[in-house]
Amino acid sequence: MPHDMRTILKILVVAIAAVSLTSCLGGDLQCTPGIYCKYAFCTHVDGTRDTVLFQADASCVVKLGDTVKVPMYVDGVYHPLTVFQVSGDTSAVRYSFACDAASMRMLKPDSKLEEGYLHFADSCYGMSLSLYYIAKVKGDFPLTFSLSSLAAEPYAHNSLQVTQSVR
């Protein structure tokens, strides 16, 4: 009897594995691109530095003239990236992207890092970069990040909004 149970168990395991493996073969895998950032590094006007969480609901409070650096990673998961940009009130917050020389090769010539606009090369699936911004006036200002990939709709776009408080 124990021999029969082992045989049945083996057949059951093989059947489950076969169903699991073939279930992924029938369609196109679609994933929403990801925007990953966790910390902001603030350099205050007086030269002191601060590290804070960079989140949609509780970004750091900065002072007028402070410089903020936010390391970011954008990921197309299974699809090439197309465009990543930041938008906001440029009269209140001056922002730009920065990346290393290797990452610059993954961008098309019409990218404008100093304006917060990246247009990715055809085979770019992910990239590390930094957002830099300087607070120019006091208030609460939203920064909106938009990322697009070649995934099928409705998975091709992702966005993140962070409100920056300037005091």
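Scroll up to find the structure this text is about.
About the cut-offs
- Residues numbered from 1 in each chain as written.
- Predicted model: local features only at pLDDT ≥ 70, side-chain atom pairs only at ≥ 80, totals over all residues.
- Heavy atoms only, no water.
- Pairing = 2+ DSSP bridges.
- Helix = DSSP H or I, 4+ residues; strand = E, 2+ residues; numbered from the N terminus.
- Buried < 20%, exposed > 50% of the residue type's maximum accessible area, 1.4 Å probe, protein only.
- Contact = heavy atoms within 4.5 Å.
- Phe/Tyr/Trp six-rings, centres within 6.5 Å; stacked < 30°, edge-to-face > 60°.

(A) Examining the sheet that holds strand β6 (residues 81–88) more closely. If you walk across this open sheet you meet the five strands as β4-β11-β10-β6-β8, and the pairing is mixed. Strand pairing shows two members of the sheet lacking a second neighbour, β4 (61–62) and β8 (117–119), which therefore form its edges. The sheet contact formed by β6 and β8 spans three bridges and is antiparallel. Of the residues in β8, the one forming a bridge with V83 is H119.

(B) A look at unusual backbone geometry. Geometrically, the link from E153 to P154 is a cis peptide bond, its omega value of 5° lying close to zero. Backbone geometry places V77, a non-glycine residue, at a positive phi of 60°.

(C) Focus on the environment of M72. Tracing the sequence through the fold places M72 in strand β5 (residues 67–75). Owing to a relative accessible area of 4%, M72 belongs among the buried residues under this scheme. Along the sequence, M72 and S130 sit 58 residues apart, while their C-alpha atoms lie 5.5 Å from each other. Residues within four places of M72 in sequence aside, it is in contact with I35, Y36, C37, F84, F97, M127, S128, L129, L131 and F145.

(D) Broad picture of the packing of aromatic side chains. Applying the stated criterion to the full structure yields three aromatic pairs. Taking 6.3 Å as the distance between ring centres and 75° as the angle between the ring planes, the aromatic pair formed by F54 and F145 counts as edge-to-face. With F54 in the loop between β3 (49–53) and β4 and F145 in strand β10 (residues 139–149), this residue pair connects regions lying 91 residues apart in the sequence. Here F54 and F145 have matching classes, each one buried. The interplanar angle of 20° and the centroid separation of 5.2 Å between the aromatic rings of F84 and F97 together place this pair among those described as stacked. One end of the pair, F84, is in strand β6; the other, F97, is in strand β7 (residues 93–98), and 13 residues separate them in sequence. The exposure class of F84 is buried, given its relative accessible area of 0%. Judged by its relative accessible area of 4%, F97 is buried. Taken together, the ring pairs in this structure connect F54, F84, F97 and F145 into an aromatic cluster.

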